[in-house]
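A look at the structure
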Amino acid sequence: MDWRSVTFDWNRARAFLVTAEEGSLSAAARALGMTQPTLGRQVTALEEELGVVLFERVGRGLVLTQAGTQLMSHVRAMGEAAAGVSLAASGQAQAASGHVAVTASEIYSSWLMPSIAKRLREVAPGITLEVVASNEIRDLRRREADIAIRNARPEEPDLIAKMVGDDEGTFYATDDYLKRLGPVSVPEDLARADFVGFGENESFVEALQRRGIPVTPAHFPVLASSHAVHWEMTRGGLGVGTVPCGLGDSTPGMRRVLPEVTFNFPVWLVAHRELRTSPRVRIVWELLAEMLPTLLSTAR
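Our subject in this report is the structure included herewith. Being a predicted model, the structure only gives us computed values, none of them experimental. (Residues numbered from 1 in each chain as written. Predicted model: local features only at pLDDT ≥ 70, side-chain atom pairs only at ≥ 80, totals over all residues. Heavy atoms only, no water.)

Another point: the pattern of salt bridges. Counted by the stated rule, this structure contains 6 salt bridges. We note a salt bridge from Glu232 to Arg235, for which the minimum N-O separation is 3.3 Å. With Glu232 and Arg235 both in helix α10 (residues 227-235) and 3 residues apart, the pair spans about one turn of that helix. Under the relative-accessibility criterion, Glu232 is labelled partly exposed at 44%. A relative accessible area of 42% means that Arg235 is categorised as partly exposed. Put simply, Arg256 and Asp249 hold a salt bridge, and the shortest N to O gap is 2.6 Å. Classification of Asp249 as partly exposed rests on a relative accessible area of 39%. (Salt bridge = Lys/Arg side-chain N within 4 Å of Asp/Glu carboxyl O. Helix = DSSP H or I, 4+ residues; strand = E, 2+ residues; numbered from the N terminus. Buried < 20%, exposed > 50% of the residue type's maximum accessible area, 1.4 Å probe, protein only.)

Structure below.
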């Protein structure tokens, strides 16, 4: 490698990455334990070093310019590599011990967490991982879990959050069910379909109606309060179901019903601010932050 070609300060690249992920200098400064003016100077210095403008101010927040967006994938890879170095550093991870509870939806718990648990066993075998599979939001302030994987940013001031990626879902059904249903090319064709619903189904019906899917409660002959059961019912050929694309696309015998209709949502890591000072919690947090972007992007 020609090290002379690296003409920027890596610490400034980290300042840029965290600012982009947090959406503002103030939030990034809190995440890094720095003052806002110091962080702002690092970002400005990086722009001067690279000769590009990375952010535009919109209201109280910052948005990436085209140049900033192009750099993000490279800088994020640097951040993931740095997290990997921290985890692999022989002493801390190997010596860490204790219990860490991570709460995630039933789908994420069964689909994503096994790979993360396997990696944790390799880098920190002294940590006992509890996966709290729940579609309800657990109260981290009451220590119902140490870390949460959520699809919305928390509003509580004593929680910290990091957006680690985006995910998308869509409609799936078995090959046999779609043969019985007949051609589906536009949302209106789904008026002929049966759907597998959820326990609290009214909001789901309303969301589908807003997307132009002509459904009523009569289209849902089967409801499941568990998202995992919802998916198994869909796999059993009972109707059209909805899951993340990474899971649906990788499941044999399942097909997208309307590939152009997708539901997009962010993926956030959340923890109580105090818990980040715990070595075992910090190790699991960093491992999640390292692996989730790759698992989500690989799945799509």
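Position of Gln42 among the secondary structure elements: in helix α3 (residues 36-50). Note on Gln42: relative accessible area 21%, which makes it partly exposed. Sequence-wise, Gln42 and Arg12 are 30 residues apart; in three dimensions their C-alpha atoms are separated by 5.1 Å. With sequence-adjacent residues up to four places away left out, Gln42 is seen in contact with Asn11, Arg12, Ala15 and Met34. (Contact = heavy atoms within 4.5 Å.)

Let us now look at the side chain of Glu47. Counting through the fold element by element, Glu47 comes out in helix α3. Among buried Asp, Glu, Lys and Arg side chains, Glu47 stands out as unpaired, with Arg57 the closest opposite charge at 10 Å. If sequence neighbours within four positions are ignored, Glu47 has contacts with Val52, Val53, Leu54 and Phe55. (Lys, Arg positive; Asp, Glu negative; His and termini not counted.)

What follows covers the environment of Val184. Residue placement: Val184 occurs in the loop between α8 (175-181) and β7 (196-198). Spatially, the C-alpha atoms of Val184 and Leu258 are 7.2 Å apart, while their sequence positions differ by 74 residues. Setting aside its immediate chain neighbours within four residues, Val184 contacts Asp189, Leu190, Arg192, Val257 and Leu258.

What follows covers the packing of helix α1 (residues 10-22) against helix α2 (residues 25-32). With their axes 8 Å apart at the nearest point, α1 and α2 run at an angle of 120 degrees to one another. The orientation of α1 relative to α2 falls into the category oblique. The handedness of the crossing between α1 and α2 is right-handed. Every residue of α2 that contacts α1 at Arg14, Ala15, Val18, Thr19 and Glu22 is listed here: Leu25, Ala27, Ala28, Ala31 and Leu32. (Axes fitted to C-alpha atoms, helices over the stretch in contact; angles between N-to-C directions. Parallel < 35°, antiparallel > 145°, perpendicular 65-115°, else oblique. Left-handed = near helix turned anticlockwise from the far one by under 90°.)

This brings us to the packing of aromatic side chains. One pass over the full model with this rule turns up 8 aromatic pairs. Note on Phe171 and Phe195: the rings are 6.0 Å apart at their centroids and 80 degrees apart in plane angle, and the pair reads as edge-to-face. With Phe171 in strand β6 (residues 159-174) and Phe195 in the loop between α8 and β7, this pair connects stretches of sequence that are 24 residues apart. The same class applies to Phe171 and to Phe195, which are both buried. On the numbers, 4.9 Å between centres and 85 degrees between planes, the contact of Phe198 with Phe204 is edge-to-face. Take Phe198 and Phe204: they sit in the same class, and that class is buried. Through a chain of ring-to-ring contacts, three or more aromatic side chains come together here, namely Phe171, Phe195, Phe198, Phe204, Phe220 and Phe263. Of note, Arg211 hangs over the ring of Phe263, and the distance from its end group to the ring centre comes to 5.0 Å. (Phe/Tyr/Trp six-rings, centres within 6.5 Å; stacked < 30°, edge-to-face > 60°. Lys NZ or Arg CZ within 6 Å of the ring centre and 35° of its normal.)

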